[in-house]
Amino acid sequence: MSATPMVTADRISKSFGSNNVLRSISLEVQAGEVLCIVGPSGSGKSTFLRCINHLEKIDAGRLFVEGQLVGYRQKGDKLHELKPKEAALQRRDIGMVFQRFNLFPHMTALENIIQAPMRVKRIPKAKATLRAMELMERVGLGDKADHYPAHLSGGQQQRVAIARALAMDPKLMLFDEPTSALDPELVGEVLDVMKELATSGMTMIVVTHEMGFAREVADSIAFMDGGVVVEAGPPRELLGNPQQDRTKAFLSKVL
Amino acid sequence: MTLPKHAAVARPNPATGGTQAQGDAIVAVPLRHPWRISIAVVLVFLLALFIVDASQRPDYGWAEVGKYLFDRRISQAAWVTLTLTIYAMIGAIVLGLLLAIMRLSPNPVVKSIAWLYLWIFRGTPVYVQLVFWGIVALIYPVFTIGIPFMTPWITIPNDVFTNLYITAVIGLALNEAAYMSEIVRAGLLSVDEGQEEASTALAMSWGQTMRYVVVPQAMKIIIPPTGNEVISMLKTTSLVAAIPLSIDLYGVSRGISAVTFTPVPLLIVASIWYLLFTSVLMVGQHFIEKRFSRGTGRRQAGPASESDPGAAAMTAAPMGNDLGGKG
Ligand SMILES: Nc1ncnc2c1ncn2[C@@H]1O[C@H](COP(=O)(O)OP(=O)(O)OP(=O)(O)O)[C@@H](O)[C@H]1O
Ligand SMILES: [Mg+2]
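Note that the structure is predicted; figures quoted are calculated from it, not measured.

Thoughts on the site of ligand 1
Residue and element names in this part refer to chain A.
Right, so step 1: The immediate surroundings of ligand 1 are formed by Phe16, Asn19, Val21, Pro40, Ser41, Gly42, Ser43, Gly44, Lys45, Ser46, Thr47 and Glu177.
Right, so step 2: Take Gly42: an N or O atom from its main chain is 2.8 Å from an oxygen atom of ligand 1.
Right, so step 3: Contacts to ligand 1 include Ser46, whose side-chain N or O atom sits 2.6 Å from an oxygen atom.
Right, so step 4: Protein contacts shield 60% of the accessible area of ligand 1, which totals 640 Å² for the unbound molecule.
Right, so step 5: Broken down by secondary-structure element, the contributors of at least two residues to the shell around ligand 1 are β2 (19-29) and α1 (45-52).
Right, so step 6: Tallied by class, the residues present in the shell around ligand 1 amount to three nonpolar, seven polar and two charged.

Below, the structure written as structure tokens:
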């Protein structure tokens, strides 16, 4: 593929104190692709996602989103840290969905969705509301616009959170275990919304333990352990014929 | 074991079922509370005695109370007390917010300065502080305000601290700021980290995140104790006598009674005004608390409970079973 990849991670590393959480990770995600990241707890999956929209700073390597260096500007051979405003500008194109939804509890579902378009993009309220209602319909919650998060089920909250991220018209969506906090019977409704999103051509990076979803939707799966990508490839290869022992051991537990 | 027949199995939705008989209504003798009633009777009797007695005792000087309650000097003094409270609280909230943010700062220098401020202003009596501010004009011909031990922000010429009203506002605000900063800090800390993260991920700036996401949620924690602080401040203003400022409600009533030799009626007059203000504040606090608890708690009847007939039916069904079981 000759087009610029949506995400390029080039040997990125990150540590918290002496804890090397990411160790020289290299990955590429093309526009329109879905990458699923699987791996045991503490392997650095969330940290990797958070680095992509610069919620965490990387210590080494280079990270590009749409060919743009994340969080820094290169001048000659020196890197300059971006101002908060410039970093925010980069985040506009990246939506993020969290394990614990993180909806704003003092706002209705609709208000949650229109916040960022209004505050960040200065879209007039009426227009933002119209768009928000479209998104609420899209995630199947057209009748819940006036509900506060506390009055929605976990699955409904997560769908609102997805709509909230989509309201910024992102080019890339990051999902950090979006169904892990849900009761089993609510997982399906969220995965359905994500499948629809993937089908519509959205570029997505999904940290998940839902192997069925990964097998069906992902273009590629990366298995992370101990801060490195142990193995990555199309679902059929990685799930059907893993090469590394660590991958085999992990898969035998979750499949 | 025999069960009443309609308690045996899950019943159809009572709203649509309709054919089954209701369980018998409970007709029981309610639990009596003889002690509650007798204690209440005794207390009411004692209160009545006190009122009758007080109404006849000359020391209370009810005629005087009526005369001074709406005396211009008193109502003007009440106004002074009110404005002192408002200005001091505004100053305290602004400075308290600053101190709270300083204490949450990762910078250890900034942090310890805020800590030192708290240590001093919480560790000494407000009365002593007010006396100090009253004589500060004598100690410092020119006084400066700022974070202690750093380049001052403002240099205040002597004549500010010779204005006793301003001295009172500053003295009260500086003391109160120490308490407000703790309240604000607790409020900011109570907001889940995920909120800031979600807001940042939506490309909102730090300022927007604070203003639209963190602070509104912190308010729920900050408002109730702040309301208490306002009420407390209203009463603390009576200590400005230490400065000495005597144009506030307590100061003026004391001044009048010193001339008329009727201390009790004027104490009553002052108390009535204080009570009036605190009552109004309590009502106001109630409404503000309601406003800031949006989206939380079960008390609030959101659209969820109104528009969801399924939920109503679900709660109705087990209730029907209970009654049936007892019937
Ligand atoms: N802010 C932080 N400060 C210090 N250590 C951190 C921080 N965030 C993460 N870590 C550490 O980094 C490591 C990887 O964390 P991370 O959350 O990325 O793992 P994960 O793969 O997402 O795990 P999980 O499946 O449990 O979510 C863990 O050991 C964690 O303790
Ligand atoms: Mg994680």
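Here the narrative resumes.
Details of helix α9 (residues 193-201) of chain B
Given 3.6 residues per turn, any residue in an α-helix points the same way as the ones three and four places further on.
Residues and elements named next belong to chain B.
Right, so step 1: For α9, the set of buried residues is Gly194, Gln195, Ala198, Ser199, Thr200 and Ala201.
Right, so step 2: The residue sitting at the N-terminus of α9 and contributing the capping side-chain oxygen is Asp192; that oxygen lies 2.9 Å from the backbone nitrogen of Gly194.
Right, so step 3: Just beyond α9, the residue with positive phi is Ala203, at close to 75°.

Topic: the sheet that holds strand β10 (residues 203-207) of chain A
All names here are of chain A.
Right, so step 1: Overall, mixed pairing links the six strands, which are arranged β8-β9-β10-β3-β11-β12 in an open sheet. Pairing within the sheet leaves two strands with one partner each, and these edge strands are β8 (94-97) and β12 (228-233). For this sheet, the mean angle separating the axes of adjacent strands, direction not counted, is 15°.
Right, so step 2: Looking at chain direction, strand β3 (residues 34-38) and β10 are connected through four bridges and run parallel. Its bridge partner being in β10, Val34 is matched across the sheet by Met204.
Right, so step 3: Packed onto the sheet, helix α5 (residues 154-166) meets β8 and β9 (172-176) and runs at close to 170° relative to β8.

Some points on the nonpolar core
Right, so step 1: Within the largest apolar cluster, 52 residues are counted, with the highest numbers of intra-cluster contacts made by Ile162(A), Met173(A), Phe175(A), Met194(A) and Met204(A).
Right, so step 2: Top element by residues in this core is helix α6 (residues 184-199) of chain A. It accounts for eight residues.
Right, so step 3: Once residues lying within four places of it in the same chain are set aside, the contact partners of Met194(A) are Ile162(A), Phe175(A), Pro178(A), Met204(A), Val206(A) and Phe213(A).
Right, so step 4: Leu35(A), Leu55(A), Met107(A) and Met204(B) belong to the second largest nonpolar core, which has 41 residues in total.

Topic: unusual backbone geometry
Negative phi characterises most residues that are not glycine, and trans characterises most peptide bonds.
Right, so step 1: Put simply, Ile243(B) and Pro244(B) share a cis peptide bond, and its omega is 10°.
Right, so step 2: Here Pro244(B) is to be found in the loop between α10 (206-236) and α11 (249-260).
Right, so step 3: Unlike most non-glycine residues, Glu177(A) shows phi in positive territory, near 45°.
Right, so step 4: Turning to its location among the elements, Glu177(A) is positioned in the loop between β9 and α6.
Right, so step 5: For Glu177(A), a relative accessible area of 12% puts it in the buried group.

Details of the confidence of the model for chain B
All names here are of chain B.
Right, so step 1: On average, residues of chain B score 82 in pLDDT, and 81% of them reach the 70 mark or higher.
Right, so step 2: In the predicted structure, residues 1-11 sits below a pLDDT of 50 and forms 14 contacts with residues beyond four places in sequence or in another chain.
Right, so step 3: Segment residues 298-327: pLDDT under 50, and 25 contacts once partners within four positions in sequence are set aside and those in other chains are kept.
Right, so step 4: Model confidence for the complex is summarised by a pTM of 0.76, with the ipTM given as 0.94.

Some points on the interface of chain A and chain B
Right, so step 1: Listed by partner, the interface residues are 29 residues for chain A and 23 residues for chain B.
Right, so step 2: Taken together, chain A and chain B are joined by two salt bridges.
Right, so step 3: We note a salt bridge from Glu197(B) to Arg50(A), for which the minimum N-O separation is 2.3 Å.
Right, so step 4: Applying the counting criterion to the chain A and chain B interface returns six residue pairs in polar contact (both at pLDDT 80 or more).
Right, so step 5: Breaking the side of chain A that touches chain B down by element, the ones donating at least two residues are α2 (84-91), β8, α3 (109-120) and α5 of chain A.
Right, so step 6: Here the side of chain A that touches chain B gets four residues from one element, more than from any other, and that element is α3(A).
Right, so step 7: Tallied by class, the residues present in the side of chain A that touches chain B amount to 15 nonpolar, six polar and eight charged.

A short note on the packing of aromatic side chains
Right, so step 1: Enumeration over the complete set of coordinates arrives at six aromatic pairs over all chains.
Right, so step 2: The interplanar angle of 10° and the centroid separation of 6.2 Å between the aromatic rings of Trp115(B) and Trp119(B) together place this pair among those described as stacked. Highlighted residues: Trp115(B) and Trp119(B), both in helix α5 (residues 108-123), separated by four residues, approximately one helical turn.
Right, so step 3: Pairing Phe132(B) with Trp133(B) gives two aromatic rings, centres 5.2 Å apart and planes at 70°, and the pair type is edge-to-face.
Right, so step 4: A relative accessible area of 8% means that Trp133(B) is categorised as buried.
Right, so step 5: The ring centre of Tyr212(B) lies 3.6 Å from the NZ or CZ of Arg119(A), which sits over that ring.
Right, so step 6: One residue, Arg164(A), lies across the ring of Phe104(A), its end atom 4.5 Å from the ring centre.

Details of the pairing of strand β4 (residues 60-65) of chain A
Residues and elements named next belong to chain A.
Right, so step 1: Pairing analysis gives five bridges linking strand β1 (residues 7-16) to β4, with the strands arranged antiparallel. Note that in β4 the partner of Asp10 across the bridge is Arg62.
Right, so step 2: As paired elements, β4 and strand β5 (residues 68-69) share two bridges and run antiparallel to each other. Residue Val65 lies in a different strand from β5, and its bridge partner there is Gln68.
Right, so step 3: Where β4 folds back onto β5 in an antiparallel hairpin, the turn is made up of two residues, including Glu66, whose phi is positive at roughly 50°.

Comments concerning the sheet that holds β2(A)
All names here are of chain A.
Right, so step 1: Spatially, the four strands line up as an open sheet ordered β2-β1-β4-β5, and their pairing is antiparallel. Looking at the sheet topology across the chains shown, the edges are occupied by β2 and β5.
Right, so step 2: Relative to β2, β1 runs antiparallel, the two sharing seven bridges. Across the sheet, residue Ile12 finds its bridge partner in β2, namely Ile25.
Right, so step 3: Contacts between α1 and the sheet are confined to β1, β2 and β4, with β2 contributing the most and set at about 60° to the helix.

Structural notes on the side chain of Thr247(A)
Right, so step 1: Along the chain, the position of Thr247(A) falls in helix α9 (residues 245-254).
Right, so step 2: The contacts of Thr247(A), once residues within four sequence positions are left out, are Phe223(A), Val230(A), Glu231(A), Leu238(A) and Pro242(A).

Here's the deal with the layout of surface pockets
All names here are of chain B.
Right, so step 1: The volume enclosed by the largest pocket comes to roughly 890 Å³.
Right, so step 2: Around the largest pocket sit 35 residues that line it, and Tyr117, Trp133, Ile145, Gly146 and Leu174 are the ones nearest its centre.
Right, so step 3: For the lining of the largest pocket, the secondary-structure elements that each account for two or more residues are α4 (72-104), α5, α6 (126-139), β1 (142-145), β2 (154-157) and α8 (164-190).
Right, so step 4: When residues in the lining of the largest pocket are grouped by element, the largest group, seven residues, is from α4.
Right, so step 5: A class-by-class count of the residues in the lining of the largest pocket yields 30 nonpolar, five polar and no charged.

Reading guide: rules and limits
Residues numbered from 1 in each chain as written. Chains lettered and ligands numbered in written order. Predicted model: local features only at pLDDT ≥ 70, side-chain atom pairs only at ≥ 80, totals over all residues. Heavy atoms only, no water. Near = heavy atom within 4 Å. Polar contact = N/O pair within 3.5 Å; in protein donor to acceptor, adjacent residues only side chain to side chain. Areas by Shrake-Rupley, 256 points an atom, 1.4 Å probe, with all protein chains shown as cover. Helix = DSSP H or I, 4+ residues; strand = E, 2+ residues; numbered from the N terminus. Nonpolar A, V, L, I, M, F, W, Y, C, P; charged D, E, K, R; others polar. Buried < 20%, exposed > 50% of the residue type's maximum accessible area, 1.4 Å probe, protein only. Pairing = 2+ DSSP bridges. Axes fitted to C-alpha atoms, helices over the stretch in contact; angles between N-to-C directions. Contact = heavy atoms within 4.5 Å. Core = buried A, V, L, I, M, F, W, Y, C linked by side-chain atoms within 4.5 Å. pLDDT = per-residue confidence, 0-100. Salt bridge = Lys/Arg side-chain N within 4 Å of Asp/Glu carboxyl O. Phe/Tyr/Trp six-rings, centres within 6.5 Å; stacked < 30°, edge-to-face > 60°. Lys NZ or Arg CZ within 6 Å of the ring centre and 35° of its normal. 1 Å grid on protein atoms, 1.4 Å probe; cavity = no way out; pocket = protein on both sides within 12 Å on 5 of 7 lines; lining within 4 Å. Points joined across faces, edges and corners; volume = space filled by probe spheres on them.

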